[in-house]
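Below, each chain spelled out in residue letters.
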Protein chains: 4
Amino acid sequence: MARTPYDESAVQAALARLPGWTYDPQRPALQRLFVFADFSAAFGFMTRVALLAERMNHHPEWRNVYNRVDVVLTTHDAGGVTELDVEMALAMNTLAGTPAA
Amino acid sequence: MARTPYDESAVQAALARLPGWTYDPQRPALQRLFVFADFSAAFGFMTRVALLAERMNHHPEWRNVYNRVDVVLTTHDAGGVTELDVEMALAMNTLAGTPAA
Amino acid sequence: MARTPYDESAVQAALARLPGWTYDPQRPALQRLFVFADFSAAFGFMTRVALLAERMNHHPEWRNVYNRVDVVLTTHDAGGVTELDVEMALAMNTLAGTPAA
Amino acid sequence: MARTPYDESAVQAALARLPGWTYDPQRPALQRLFVFADFSAAFGFMTRVALLAERMNHHPEWRNVYNRVDVVLTTHDAGGVTELDVEMALAMNTLAGTPAA
């Protein structure tokens, strides 16, 4: 189920398909910093992620400073990382132009 | 000057650097249809163009239906195509992933 | 059903709740021109409609020139105006600050 | 000049016109948390601020989680709060629907 939190080994298996992402077991959450050429590229990316987030009804925690977008993905009501986060992380890599491994 | 309209030969010279664009001498204006993979790609493009338009204080006429963005560029207060339109058309091609010729 | 086209009387009943919208029986489609203070207001509106469109998987036909957004709503695969269009038109009025009648 | 940092009393005078904003003398920077009805409202606001940021060539540090947008404004190359930050904070209040005091 999408809302069942991954255990440690499931997270590690997912990370193998998620270049650039790391796991923070404290939250727990997935994290990645995206760096773009400029603000326009960063905000264009954010807009496409926003469209996806509304479609999935699953939203990132993110911080933007000019060309940088720092993302944290977790499923609050599941208390951990779920399939929703992995799906969104994969999509973010595609939208940012980072091919999945 | 940015606001001086191009004559026919200047427009033709500019079009050589603007793959995909055509000239409508009736308006007069530059025109191009951009076709993307889906709505998300189209609207991500539009957002980046919107950021540029505000920075340049020069705005496109455009029509969007799902993955298609039909653009008309003209400089209303100059009554024709100016350097502003050519600059924006070049930037749109770059943002859409079409390398300048 | 969302995808069943409205007949003329159902459209007229819907229009009573949709100030600013008109019906074009030729398409058939709902139409409205939104006029904002400036480009920023127009594009902020378009962004919120884009988010909704992805969530509904139903997209407008629209044309933007600076502070104007001209919208046409129809459900292509139903060949007419459906509940999806009425729902989107109501939402657009709310997002544009026009209270539903 | 826009790029001259405000001293403490100038910041305090500016804050009188900036309901909701506080001053962090450590950065130094202006800060405000905006809370919206939902993600759509938050991201619509962010899009309009992004358009302004590109026009001003001055960008916020901001963090978004669903309906919340936490903003930090500072002028990095001036090492403090300048007229650019105050202008942007005033504009953000207007865009968020908070009338200036």
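Whatever comes next refers back to the structure up there.
Residues numbered from 1 in each chain as written. Chains lettered and ligands numbered in written order. Predicted model: local features only at pLDDT ≥ 70, side-chain atom pairs only at ≥ 80, totals over all residues. Heavy atoms only, no water.

K.L.:
Got a minute to help me understand the relation of the copies chain D and chain A in this structure?
P.N.:
Each of the two chain copies can be generated from the other by rotation about an axis followed by a shift along it. Taken as rigid bodies, chain D and chain A are interconverted by a rotation of 180° and an axial shift of 0.0 Å, the fit giving an RMSD of 0.0 Å. What the superposition gives is, in effect, a two-fold axis relating one chain to the other. In terms of proximity to the rotation axis, the leading residue of chain D is Arg63(D), whose C-alpha is 2.0 Å off the axis. The share of interface residues of chain D whose copies in chain A are also at the interface is 100%, consistent with both copies meeting through the same surface. (Least-squares fit on C-alpha atoms with pLDDT ≥ 70 in both. Contact = heavy atoms within 4.5 Å.)

K.L.:
Teacher, can you tell me more about the interface of chain B and chain A here?
P.N.:
Accessible area lost during the coming together of the parts is what is often quoted as the interface size. Taken together, the contact between chain B and chain A spans nine residues of the former and nine residues of the latter. Together, the buried faces of chain B and chain A total about 700 Å²; carbon and sulfur atoms form 66% of this surface. Together, Ser40(B), Arg48(B) and Leu51(B) form the three largest contributors to the area buried by chain B at its contact with chain A, with a combined 58%. On the surface where chain B and chain A come into contact, there are two salt bridges. (Buried area = accessible area lost by both parts, 1.4 Å probe. Salt bridge = Lys/Arg side-chain N within 4 Å of Asp/Glu carboxyl O.)

K.L.:
Got a minute to help me understand the relation of the copies chain B and chain A in this structure?
P.N.:
Its rotation angle being 180°, the transformation that places chain B on chain A also includes 0.0 Å of axial translation and leaves an RMSD of 0.0 Å. In this assembly the copies share their binding face: 100% of the residues contributing to the interface of chain B also contribute to that of chain A.

K.L.:
Explanation requested: the pattern of salt bridges in the structure shown.
P.N.:
Once their charged atoms are close, side chains differing in charge can pair, the charge on each being opposite to the other. Here the structure, examined in full by the defined rule, presents 16 salt bridges over all chains. We note a salt bridge from Arg63(A) to Glu61(D), for which the minimum N-O separation is 3.4 Å. Taken together, the residues span two chains, with Arg63(A) in strand β3 (residues 61-65) and Glu61(D) in strand β3 (residues 61-65). Between Arg27(C) and Glu61(C) there is a salt bridge; the shortest N-O distance is 2.8 Å. With Arg27(C) in the loop between β1 (22-24) and β2 (29-35) and Glu61(C) in strand β3 (residues 61-65), this pair connects stretches of sequence that are 34 residues apart. (Helix = DSSP H or I, 4+ residues; strand = E, 2+ residues; numbered from the N terminus.)

K.L.:
Just checking my understanding: could you explain the pairing of β3(C) for this structure?
P.N.:
Across a regular strand the side chains alternate sides, sitting on one face of the sheet and then on the other. Both strand β3 (residues 61-65) of chain B and β3(C) contribute to a ladder of five bridges, which runs antiparallel. Its bridge partner being in β3(C), Glu61(B) is matched across the sheet by Val65(C). In terms of strand pairing, β3(C) meets strand β4 (residues 68-73) of chain C through five bridges, oriented antiparallel. Residue Asn64(C) lies in a different strand from β4(C), and its bridge partner there is Val69(C). (Pairing = 2+ DSSP bridges.)

K.L.:
Any chance you could explain the pairing of β2(C) here in plain terms?
P.N.:
Residues and elements named next belong to chain C. Direction of pairing for β1 relative to β2: antiparallel, over a ladder of three bridges. Counterpart to Asp24 in the pairing with β2 is Ala29. The loop that links β1 with its antiparallel partner β2 comprises four residues. For β2 and β4, the ladder comprises six bridges, and the chain directions are antiparallel. Residue pairing across strands places Val35 opposite Arg68, the latter belonging to β4.

K.L.:
Looking at this model, I keep getting lost on the packing of aromatic side chains. Mind explaining?
P.N.:
Residue and element names in this part refer to chain D. Scanning all chains against the criterion turns up 22 aromatic pairs over all chains. Seen in terms of ring centroids, Phe34 and Phe45 are 4.9 Å apart; in terms of plane orientation they differ by 45°. Their pairing is tilted. Taken together, the residues span a long stretch of sequence, with Phe34 in strand β2 (residues 29-35) and Phe45 in helix α2 (residues 39-56) at a distance of 11 residues. On the basis of relative accessibility, which here comes to 1%, the residue Phe34 falls in the buried class. (Phe/Tyr/Trp six-rings, centres within 6.5 Å; stacked < 30°, edge-to-face > 60°. Buried < 20%, exposed > 50% of the residue type's maximum accessible area, 1.4 Å probe, protein only.)

K.L.:
So what exactly am I meant to see when it comes to the environment of Ala14(B) here?
P.N.:
All names here are of chain B. In this fold, Ala14 is placed in helix α1 (residues 8-15). Overall, the relative accessible area of 6% leaves Ala14 in the buried class. Considering only alpha carbons, one finds Ala14 and Glu87, 73 residues apart in sequence, at a separation of 9.7 Å.

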